[in-house]
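One letter stands for each residue in the lines below.
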Amino acid sequence: MIISVASGKGGTGKTTVAVSLALTAASSRPGRVQLLDCDVEEPNCNLLLGMSLETVEEVKLGVPDIDKAKCNFCGKCADFCNYHALAVLPSDVMVFSELCHGCGGCMLLCPNGAIGEKTRTVGTIQHGQKDGIELYQGLLNIGEAVAVPVIKALKRKMDSERLVILDSSPGAACPVVETIRGSDLCLLVTEPTPFGLHDLKIAVQVARKLKVPFGVVINRDGIGDGRVDDWCKNEKIPVIIRVPNSLEVARLYSKGIPPAIGIPDLKERFVELLKVVEGWT
Amino acid sequence: MSGGTHIKQLTVISGKGGTGKTTLVAAFASLAKNAVLADCDVDAADLHLILKPEILERQDFTGLRQAEIDGQKCTGCGKCREHCHFGAIGEDFLVIQDRCEGCGVCRLVCPAGAVRLEERKAGEAYLSRMRFGPMSHAELEPGGEASGKLVSLVIANARKLAVKEGRGLIIIDGPPGTGCPVIASIGGSDLALVITEPSLSGIHDMERVLAVCEHFRVPAAVCINKHDINDTNTCAIEIWCKSKGLDVVGKIPYAEVTTRAMIAGKTVIEFDEGGIGRDVAALWSKVLGHLGS
């Protein structure tokens, strides 16, 4: 079973929910839980888990490699490239690798067979294991623009025989789409504030577009107003659990302690969440 | 400052989401005398909820093109599927829209001429006016591609507004993360103000986004929000910044009044001038110092 955790707005508690759910599940069936940190721009799960991680894969993209002895500078490759990753000058070709999406079109169409492929590392996949949880995290290299190839590589590590939990990046653009696509359930974590509600609405549209079933987790319950509740009720969206607003949670989190470990009452809420998740059909 | 000279650009980023970027940018709008506001968090834009702009001009944003296969012409040879690196050609040769990156390889290899590449609306950009002046913002279609391209459009629109109205500063509310929309947001900025919080993830994400600033040679300064949540970590951030030659330009305490201001649709300067507003005003004057204004 694949559960993704997303939010729209950043800082609503996705990582706290994903890690707490993983820990709760692992305490009853160690070794049957996989956690994938798909926020490859800013992965944080392991700050709460403290595993020692090992790099198990470099994520590579194929980018054009121009053989200038064969190239006649006709410019067809640059005309074709929709990403402006190639520029052909009267006697030179410039390749802007970080703009290349790796479609392979230039290699296919070059009339002189002057374009080969070389690979470029855009990120890494790391692995660790502790407390009955297997963790994979993706890490996008600094200065790289495109997170999706790293997320795709990360998702190839999924073992859907187990409970797989995917921690998404915030927002509603391509990295989020890539993360939640194909999940059996998406938990949308929000907070009861105007920003939380506005971004929840966007996240709901993404989940609906991808036809992924979803439910809402209200974090910092009590901090704002009742508009998130009212909206969910109107839209018939289930609010699965609420995590009360507390400075204690924020303090534990700041030290890297998963609040579900430090606060007994919260532990019970995640047991409840796990029950709902596992009973989801 | 006059509009004819260099228009300065301040981008507020954080790495980690939810550290308070938008709350602080809205407050800066209250305090700035001569600025254009730009919301570059295009896939989860919230600044308009506080600044309530009146939209004066709308522009359609077309992101990446999308392949379309004409079922009448398609012979089902499978060349498109074989060559598509994105797995975007589905069953029955229908294009899976949210996988297609618009590269055109399918059109290149199709022997039947059955593929067209279509421009597709992927969002809207807005030129607006709000109570503190002009504002440029946008809305990416949920799940949309090319957010970096839309960010560049929002900044170009902000520059247009700045020139037209003789404003000398663009204040950008940036997106979280380190990827394409962040890179597009900090490009050409005179200062990246990184808002962090004293949590382990706040620190980790700040360090990464500061590395992105360094990579693209954008000068940076740091503000610690909710500093009193963890004094030890706040101290660690200050020591680390000092060792890197980075200025900590502000420390803002944790305050639930910021949520009440948000619910009231007001900036913290309008809502709590004598309280947290004073800390934010002190931050703003240091930021102006960094911008040389």
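For clarity, every value in this text was computed on a predicted model and none was experimentally measured. (Residues numbered from 1 in each chain as written. Chains lettered and ligands numbered in written order. Predicted model: local features only at pLDDT ≥ 70, side-chain atom pairs only at ≥ 80, totals over all residues.)

**A word on the overall build of chain A**
At step 1: Counting its regular elements, chain A contains 11 helices and 11 strands.
At step 2: Dimensions of chain A, computed from C-alpha atoms along their principal axes, come out at roughly 70 × 40 × 35 Å.
At step 3: Among the 281 residues that make up chain A, the fraction classed as buried is 53%.
At step 4: Sequence-distant contacts, at least 24 apart, represent 74% of the contacts inside chain A between residues at least 6 apart. (Helix = DSSP H or I, 4+ residues; strand = E, 2+ residues; numbered from the N terminus. Buried ≥ 20, exposed ≤ 12 C-beta atoms within 10 Å, placed from the backbone. Contact = placed C-beta atoms within 7 Å.)

**Overview of the overall build of chain B**
At step 1: The number of helices and strands found in chain B is 11 helices and 11 strands.
At step 2: Dimensions along the principal axes, computed over C-alpha positions, put chain B at roughly 70 × 40 × 35 Å.
At step 3: For chain B, the residues scored as buried account for 57% of the 293 residues in total.

**Thoughts on the nonpolar core**
At step 1: Within the largest apolar cluster, 169 residues are counted, with the highest numbers of intra-cluster contacts made by Ala22 and Leu188 of chain A together with Val154 and Ile171 of chain B.
At step 2: If near-sequence neighbours (up to four positions away) are discounted, Val154 of chain B is found in contact with Ala38, Asp39, Cys40, Val42, Ala125, Ser136, His137 and Ala138 of chain B.
At step 3: Listed in part, the 15 residues of the second largest apolar core include Cys103 of chain A together with Ile69, Cys100 and Ala114 of chain B. (Core = buried A, V, L, I, M, F, W, Y, C linked by C-beta atoms within 7 Å.)

**Quick notes on the interface of chain A and chain B**
At step 1: Each side of the interface is counted separately: chain A has 50 residues, and chain B has 52 residues.
At step 2: Breaking the side of chain A that touches chain B down by element, the ones donating at least two residues are helix H4 (105-109), helix H6 (174-180), helix H7 (194-209) and helix H9 (247-254) of chain A.
At step 3: If one sorts the elements of the side of chain A that touches chain B by residue count, H7 of chain A sits on top with 8 residues.

**Concerning the domain arrangement of chain A**
At step 1: By domain assignment, chain A separates into domain 1 (2-59 + 123-278) and domain 2 (68-113).
At step 2: Averaged C-alpha coordinates put domain 1 of chain A and domain 2 of chain A at centres separated by 40 Å. (Domains from an automatic or database assignment.)

**Describing the packing of helix H1 (residues 21-31) of chain B against helix H11 (residues 276-291) of chain B**
Residue and element names in this part refer to chain B.
At step 1: Contact geometry for H1 and H11: axes closest at 10 Å, N-to-C directions at 75 degrees. The angle between H1 and H11 places the two elements in the roughly perpendicular class. Contact residues: Leu24, Ala27, Phe28 and Leu31 in H1; Val280, Ala281 and Trp284 in H11.
At step 2: When the residues that make up the contact of H1 with H11 are grouped by side-chain class, the tally is 7 nonpolar, no polar and no charged. (Axes fitted to C-alpha atoms, helices over the stretch in contact; angles between N-to-C directions. Parallel < 35°, antiparallel > 145°, perpendicular 65-115°, else oblique. Nonpolar A, V, L, I, M, F, W, Y, C, P; charged D, E, K, R; others polar.)

**Concerning the environment of Val182 of chain B**
Residue and element names in this part refer to chain B.
At step 1: Structurally, Val182 can be placed in helix H6 (residues 180-186).
At step 2: Residue classification places Val182 among the buried residues on the basis of 29 C-beta atoms within 10 Å.
At step 3: Along the primary structure Val182 and Ser14 are separated by 168 residues, whereas in three dimensions their C-alpha atoms are 9.6 Å apart.
At step 4: Those residues within four positions of Val182 in sequence are excluded, and the remaining contacts are Ile13, Gly174, Pro175, Gly177, Val209 and Val212.

**Let's talk about the domain arrangement of chain B**
At step 1: For chain B, the assigned domains read domain 1 (8-62 + 123-291) and domain 2 (66-119).
At step 2: Distance between the C-alpha centres of domain 1 of chain B and domain 2 of chain B: 40 Å.

**Considerations on the sheet that holds strand S9 (residues 185-190) of chain A**
Residue and element names in this part refer to chain A.
At step 1: Strand order in the open sheet made by the 9 strands is S3-S6-S7-S2-S8-S1-S9-S10-S11, with mixed pairing throughout. Each edge of the open sheet is held by one strand with a lone partner, namely strand S3 (54-66) and strand S11 (239-244). Averaged over all neighbouring strand pairs, the angle between strand axes comes to 20 degrees, with direction disregarded.
At step 2: Where strand S2 (residues 33-37) and strand S8 (residues 163-167) come together, 5 bridges link them in parallel fashion. What sits directly across from Leu36, in S8, is Leu166.
At step 3: Across the sheet, helix H1 (residues 14-28) is in contact with strand S1 (2-6), S2, strand S7 (133-140), S8, S9 and strand S10 (214-221); its angle to S8 comes to roughly 165 degrees. (Pairing = 2+ DSSP bridges.)

**Quick notes on unusual backbone geometry**
At step 1: Even without being glycine, Lys236 of chain A reaches a positive phi, approximately 55 degrees.
At step 2: You can see Lys236 of chain A is positioned in the loop between helix H8 (227-234) and S11.
At step 3: Residue classification places Lys236 of chain A among the exposed residues on the basis of 6 C-beta atoms within 10 Å.
At step 4: For Lys52 of chain B, which is not a glycine, the phi torsion comes out positive at approximately 45 degrees.
At step 5: With respect to the element layout, Lys52 of chain B can be found in the loop between helix H2 (47-51) and strand S3 (54-62).

**Here we look at the confidence of the model for chain B**
At step 1: This prediction gives chain B a mean pLDDT of 95; 98% of its residues lie at or above 70.
At step 2: Overall fold confidence for the complex sits at a pTM of 0.94, while the interface term, ipTM, reaches 0.93. (pLDDT = per-residue confidence, 0-100.)

**Section: the sheet that holds strand S2 (residues 35-39) of chain B**
Strands pair in a sheet through their backbones, by hydrogen bonds, and they do so in one of two ways: parallel or antiparallel.
All names here are of chain B.
At step 1: The mixed open sheet is built from 9 strands, whose spatial order is S3-S6-S7-S2-S8-S1-S9-S10-S11. The two strands at the open ends of the sheet, each matched to only one other strand, are S3 and strand S11 (248-252). The mean angle between the axes of side-by-side strands here comes to 20 degrees, regardless of whether they run parallel or antiparallel.
At step 2: Where strand S10 (residues 220-225) lies against S11, 4 bridges are found, and the strand directions are parallel. Counterpart to Asn225 in the pairing with S11 is Ile252.

**Some words on the environment of Ile263 of chain B**
At step 1: The residue Ile263 of chain B is located in helix H9 (residues 257-264) in this model.
At step 2: What makes Ile263 of chain B partly exposed here is the crowd of 17 C-beta atoms within 10 Å.
At step 3: Counting along the chain gives 99 residues from Ile263 of chain B to Lys164 of chain B, while the straight-line C-alpha distance between them is 33 Å.
At step 4: Residues in contact with Ile263 of chain B, not counting those within four places in the same chain, are Thr193, Pro194, Gly224 and Asp225 of chain A.

**Overview of the pairing of S7 of chain A**
Residue and element names in this part refer to chain A.
At step 1: The element S7 is extensively covered by neighbouring structure, given that 8 of its 8 residues are classed as buried.
At step 2: Side chains Ile133, Leu135, Gln137 and Leu139 project from S7 onto one buried face, and the interleaved Glu134, Tyr136, Gly138 and Leu140 project onto a second face that is buried too.
At step 3: With 5 bridges connecting them, S2 and S7 associate as parallel partners. Bridge pairing in S7 places Leu36 opposite Tyr136.

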